[in-house]
Amino acid sequence: MRLVVDLNRCQGYAQCAFLAPDVFEMHGDEALLYTPHADEKERENVARAVAACPVQAIQVDQLGDAEETSRDR
């Protein structure tokens, strides 16, 4: 899955780093480092991180076809 974080929008709350530490990492107090192509085994943790971001700075391609299908019903 492919991740894009709007680093201009990110405020460094670090919820993503707490919920998906293998994908997101805080460098210092405010700088976010992340893996733009996360492993599929991190799907659930990334979904939680996306939902927890207070400024909605994280976008994911191919997050979950099952989730999208269930929302469309």
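Residues numbered from 1 in each chain as written. Predicted model: local features only at pLDDT ≥ 70, side-chain atom pairs only at ≥ 80, totals over all residues. Heavy atoms only, no water.

**Some remarks on the pairing of strand β3 (residues 31–34)**
Part 1 of the reasoning: Pairing geometry for strand β2 (residues 24–27) and β3, over four bridges, is antiparallel. Directly across from Phe24, in β3, lies its bridge partner Tyr34.
Part 2 of the reasoning: Linking β2 back to β3 in an antiparallel pair, the connection comprises three residues, with Gly28 at a positive phi of about 80°. (Pairing = 2+ DSSP bridges. Helix = DSSP H or I, 4+ residues; strand = E, 2+ residues; numbered from the N terminus.)

**Quick notes on the confidence of the model for the protein chain**
Part 1 of the reasoning: The predicted model of the protein chain averages 87 in pLDDT, with 84% of residues at 70 or higher.
Part 2 of the reasoning: Across residues 66–73, confidence stays below pLDDT 50; counting only partners more than four residues off in sequence or on other chains, it has zero contacts. (pLDDT = per-residue confidence, 0-100. Contact = heavy atoms within 4.5 Å.)

**What to know about the environment of Glu42**
Part 1 of the reasoning: Relative to the helices and strands, Glu42 is located in the loop between β3 and α2 (43–52).
Part 2 of the reasoning: Overall, the relative accessible area of 9% leaves Glu42 in the buried class.
Part 3 of the reasoning: Sequence spacing of Glu42 and Met1 is 41 residues, and the spatial spacing of their C-alpha atoms is 9.1 Å.
Part 4 of the reasoning: In this view, Glu42 contacts Met1, Asp22 and Val23; residues no more than four positions away in its chain are not counted. (Buried < 20%, exposed > 50% of the residue type's maximum accessible area, 1.4 Å probe, protein only.)

**Concerning the state of the cysteines**
Part 1 of the reasoning: Within this structure, the stated rule accounts for zero disulfides.
Part 2 of the reasoning: Cys16 carries a free sulfur, and the closest cysteine sulfur to it, the one in Cys10, is 6.2 Å from it.
Part 3 of the reasoning: Using a relative accessible area of 9% as the deciding quantity, one classes Cys16 as buried.
Part 4 of the reasoning: Not part of a disulfide, Cys53 finds its nearest cysteine sulfur in Cys10, a span of 6.5 Å. (Disulfide = S-S within 2.5 Å.)

**Quick look at the pattern of salt bridges**
Part 1 of the reasoning: Overall, the coordinates contain three salt bridges when judged by the stated rule.
Part 2 of the reasoning: Two residues, Asp61 and Arg2, come together in a salt bridge whose shortest N-O distance is 2.5 Å. On the criterion of sequence distance, the pair formed by Asp61 in strand β4 (residues 58–61) and Arg2 in strand β1 (residues 2–5) is long-range, its members being 59 residues apart.
Part 3 of the reasoning: According to the relative accessible area criterion, Asp61 is partly exposed, its value standing at 35%.
Part 4 of the reasoning: Glu40 is the salt-bridge partner of Arg43, the closest N and O atoms lying 2.0 Å from each other.
Part 5 of the reasoning: Arg43 gets classed as partly exposed once you look at its relative accessible area, which sits at 25%.
Part 6 of the reasoning: Since its relative accessible area comes to 37%, Glu40 is described here as partly exposed. (Salt bridge = Lys/Arg side-chain N within 4 Å of Asp/Glu carboxyl O.)

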